[in-house]
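So you can see what is in the structure, the chains are spelled out below.
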Amino acid sequence: MEKTLYVSDLDGTLLNRQSKISERSLAILNSLIDRGLPFTYATARSLQSARVVTAGLRVNLPVVVYNGTFLMDPVSGAIKNACTFTDQERLDAMERFQSSGVTPLVYTVWKGRDRVLWYRGAEKDPRIKKYLDSREGDPRLIPADTPEAAYRGEIFYYTCIGSHGALADLAQEFQRDARYTCLFQREIYTDDEYWLEVMPKHATKAEGIHRLKELCGYDRIVSFGDALNDIPMFRGSDEAYAVENAVPELKAAASGIIGSNEEDGVANWLLENCSM
């Protein structure tokens, strides 16, 4: 009998508009997991951020975080698998950011743990300030006193937050370079905030779920999502379901459309199709 792994995106998919898992979804998912359903999530969030919005969810498989950069144990935080930049890729990315005048948030493994570094003063941009304020108290966050000091450690992820005009040309540069995976999209909860995320070539949700599939010995993958960065994951899944609020491009790549993130779409589909 084939073993199927079920993987959901978080924001806009499993999470509602309040960035929470509803009480109904939480009850359904925990009941199914307790009865043996192999369920996990794949997200652009860090594990620390994902833990906050998934509080109470009893996931017992590794989770895919940072858009596929890491597979991590959701309880201990142990890294089960990692995908990072080469030294040359880190250097070339830094030069592009500096020449464009863009200050990224630099995600790195430094002093034995994952950190988020940025050049002090970047928070003058209200979009970046909002990001940092929303993570107040997060021990990963460390400001740097010089631009170069923000690029320490084993870098695995860059996030740039700004307007479309400030980031569009830089996004095109990275998208033309086959050494990188680059995502450029509007932040789903705002109208004038864009995120440019730059990762190693093989750091995608699609690569992450397939590494997880091999690590845990599954035969098939069923995935759920809502946004453009879920398209590769959908194409790499045996079945893939877009929530009703998903972007049209993702719906076109889906096996089917399910209820929205406000209607417990993922949990209801699993309840109807995966009774253990």
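By the naming in an unreviewed UniProt entry, the chain is HAD family hydrolase, taken from Candidatus Gallacutalibacter pullicola.

Peer 1: Would you take a moment to explain the environment of T181 for this structure?
Peer 2: Within the secondary structure layout, T181 lies in strand β10 (residues 180-186). Discounting residues that sit within four places of it in the chain, T181 has contacts with E197, V198, M199, P200, K201, H202, A203 and T204. Among the polar contacts listed, one links the side chain of T181 to the backbone oxygen of P200, at a separation of 3.2 Å.

Peer 1: Is there a simple way to explain the packing of aromatic side chains in this structure?
Peer 2: Each pair of aromatic rings is reported with the distance of its centres and the angle of its planes. Under the definition given, this model contains 19 aromatic pairs. When the centroid spacing of 6.5 Å and the interplanar angle of 50 degrees are considered together, the rings of Y6 and W269 count as tilted. Taken together, the residues Y6 in strand β1 (residues 4-8) and W269 in helix α10 (residues 265-273) connect sequence positions 263 residues apart. Overall, Y6 belongs to the buried group, its relative accessible area being 12%. A relative accessible area of 13% means that W269 is categorised as buried. Aromatic rings pair up to connect F85, F97, Y151, Y158, F174 and Y180 into one cluster. A cation sits over an aromatic face here: K3 above Y218, 4.9 Å from the ring centre. Taking the ring centre of F174 as reference, the NZ or CZ of R96 above it sits at 5.1 Å.

So, how was this worked out
Residues numbered from 1 in each chain as written. Predicted model: local features only at pLDDT ≥ 70, side-chain atom pairs only at ≥ 80, totals over all residues. Heavy atoms only, no water. Helix = DSSP H or I, 4+ residues; strand = E, 2+ residues; numbered from the N terminus. Contact = heavy atoms within 4.5 Å. Polar contact = N/O pair within 3.5 Å; in protein donor to acceptor, adjacent residues only side chain to side chain. Phe/Tyr/Trp six-rings, centres within 6.5 Å; stacked < 30°, edge-to-face > 60°. Buried < 20%, exposed > 50% of the residue type's maximum accessible area, 1.4 Å probe, protein only. Lys NZ or Arg CZ within 6 Å of the ring centre and 35° of its normal.

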